[in-house]
Number of protein chains: 2
Amino acid sequence: MKQNIYDDPTFFTNYSAMPRSTGGLEAAGEWPVLQAMLPDLAGKRVLDLGCGFGWHCRYARSAGAASVVGVDLSENMLARARAMTDDAAIDYRLIAIEDMDFPAESFDVVLSSLAFHYLADIAAAFAAVRRVLKTAGRFVLSVEHPVFTARAEQNWFYGPDGDILHWPLDDYQAEGIRHASWLADDVVKYHRTVASWVNTLIDSGFAISRVAEPGVTEEAIAERPDLRHENRRPIFLLMSATAN
Amino acid sequence: MKQNIYDDPTFFTNYSAMPRSTGGLEAAGEWPVLQAMLPDLAGKRVLDLGCGFGWHCRYARSAGAASVVGVDLSENMLARARAMTDDAAIDYRLIAIEDMDFPAESFDVVLSSLAFHYLADIAAAFAAVRRVLKTAGRFVLSVEHPVFTARAEQNWFYGPDGDILHWPLDDYQAEGIRHASWLADDVVKYHRTVASWVNTLIDSGFAISRVAEPGVTEEAIAERPDLRHENRRPIFLLMSATAN
């Protein structure tokens, strides 16, 4: 299934109001870690999978990328991404990741922020990425962390006083579909173990270059004390892989 | 600190009574997965770090290894390991992993079962492994999973009726020492994130070949229904890495 929850009106309205939608990369806590995992983009051909409003595409160009293609399944998001730039070197395309028809080995860098946990078949998607990526090219992606996707509820466990007691983990080994309530009533995501993410990359022709599970800095907690809970469990899994 | 909890009398007595101590590898649920991650051992020089009673050393010989060195910090465990074999091709050595004085590149395969989460400095230990392992040699290790080591309590969260509700995760990003109660009152372990285990291997001169988080099979659950809880959270992290 190629889900397009981002064109659901309720979801789109709620997503558009999120800090990372209005504030861009600066409002995404994990961005500095993802950014540090990217190779030098100067002069590179870059592909962004699940580009949304195009924040990463515009960043890639500001970092010197020669050209950028942003891919997404949501017409709403691509329309807004197109409205936010007049850069002729950014091309936004409405297509599913598994159906990409770009020439083989036509990109130097592929990045993807928080898109792959929506995909039913990551082996097929990773194979599609490997095909369009040059040998020795870099694939950097972030996904919701398996510890976060395991239970469909995706919420803390609270004590009788309403305090957060801990993060409840369950059903970890049961990979597959999850019907989450996040910005809309039924958002379909797919839970996989950490081992599956890493091994499927390896089996798809990649070497693992780096893994990250970003936490929150002391500085950020000093500004917003409620962010301290973000260090109690990982929420995102970031992987950097090199095409063999 | 080079901890030797295995020579604590209470710990040793309790550990010796565990199924995996009396029944060996067959009683260790994760063994088939660890075994499958090992390369062909025929004719190889094998090093086992934290060899305990020597079950893996004797297995390596039964799988055709030319010679095996078992390393442990516990005199009690090595004494029992020595008593369990008269195989002259197995050498048991009392030494800390970080202090190993074997010649450089003298082993084809290094394995370690559930030892490295006792080490304060895995970068130093991985460097020691890389030094004694031949280039293109394989390092296969298992550790307690970061999801399991995060909270020192290392126990399920129970409801008012005594039922298991879920696995409580907390303090994930706070890497460092944990004072666990497991077979003895104060067992010192070290918690690290998944990212730290993987990245420290990469930074120590290894390529990641495979990661596993073994669950329990349906057959095992059919025999022992209480084992179903083992699929609710990962308990072990297994990694196979190749020396660059």
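Values in this document were obtained by computation on a predicted structure and should not be read as measured data. (Residues numbered from 1 in each chain as written. Chains lettered and ligands numbered in written order. Predicted model: local features only at pLDDT ≥ 70, side-chain atom pairs only at ≥ 80, totals over all residues. Heavy atoms only, no water.)

**Things to note about the packing of helix α6 (residues 122-132) of chain A against helix α8 (residues 194-203) of chain A**
All names here are of chain A. The interhelical angle for the contact between α6 and α8, taken along N-to-C directions, is 40 degrees, at an axis separation of 9 Å. By the angle between their directions, the pair α6 and α8 is classed as oblique. Crossing of α6 over α8 shows right-handed handedness. Listed contacts from α8 to Ile122, Ala123 and Phe126 of α6 are Ser196, Trp197, Thr200 and Leu201. (Axes fitted to C-alpha atoms, helices over the stretch in contact; angles between N-to-C directions. Helix = DSSP H or I, 4+ residues; strand = E, 2+ residues; numbered from the N terminus. Parallel < 35°, antiparallel > 145°, perpendicular 65-115°, else oblique. Left-handed = near helix turned anticlockwise from the far one by under 90°. Contact = heavy atoms within 4.5 Å.)

**A few points about the interface of chain A and chain B**
Taken together, the contact pairs 30 residues of chain A with 30 residues of chain B. For the pair chain A and chain B, the summed buried area comes to about 2600 Å², and 53% of that belongs to carbon and sulfur atoms. Its largest share of buried area at the contact with chain B, chain A owes to A:Leu169, A:Gln173 and A:Glu213, together 23% of the area lost on that side. On the surface where chain A and chain B come into contact, there are 4 salt bridges. (Buried area = accessible area lost by both parts, 1.4 Å probe. Salt bridge = Lys/Arg side-chain N within 4 Å of Asp/Glu carboxyl O.)

**Focus: the sheet that holds strand β3 (residues 90-94) of chain B**
Strand-to-strand pairing in sheets goes through backbone hydrogen bonds, with the strands running parallel or antiparallel. Residues and elements named next belong to chain B. Judged by pairing direction, the sheet is mixed, and its 7 strands sit side by side in the order β3-β2-β1-β4-β5-β11-β10 without closing on themselves. The open sheet terminates on both sides in strands that have one partner only, identified here as β3 and β10 (206-212). On average, adjacent strands in this sheet sit at an angle of 15 degrees to one another, irrespective of strand direction. Pairing analysis gives 6 bridges linking β10 to strand β11 (residues 236-243), with the strands arranged antiparallel. Bridge pairing links Ala207 to Thr242 in β11. (Pairing = 2+ DSSP bridges.)

**Re the sheet that holds strand β2 (residues 67-72) of chain A**
All names here are of chain A. Here 7 strands make up an open sheet; going across it, the order is β3-β2-β1-β4-β5-β11-β10 and the pairing mixed. The open sheet terminates on both sides in strands that have one partner only, identified here as β3 (90-94) and β10 (206-212). In this sheet, neighbouring strand axes are inclined to one another by 15 degrees on average, regardless of whether the strands run parallel or antiparallel. Two strands pair when backbone bridges link them, and strand β4 (residues 107-113) and strand β5 (residues 133-144) are joined in this way by 6 bridges, in the parallel orientation. Among the inter-strand pairings, Val110 is bridged to a residue of β5, identified as Phe139.

**Points about α6(A)**
Residue and element names in this part refer to chain A. By the burial criterion, the buried members of α6 are Ile122, Ala125, Phe126, Ala128, Val129, Arg130 and Val132. On the buried face of α6, the contacting elements are β1 (45-49), β4, β5, α8, β10 and β11 (236-243). One side-chain oxygen of the residue at the start of α6 lies 3.2 Å from the amide nitrogen of Ala123, identifying that residue as Asp121. (Buried < 20%, exposed > 50% of the residue type's maximum accessible area, 1.4 Å probe, protein only. Polar contact = N/O pair within 3.5 Å; in protein donor to acceptor, adjacent residues only side chain to side chain.)

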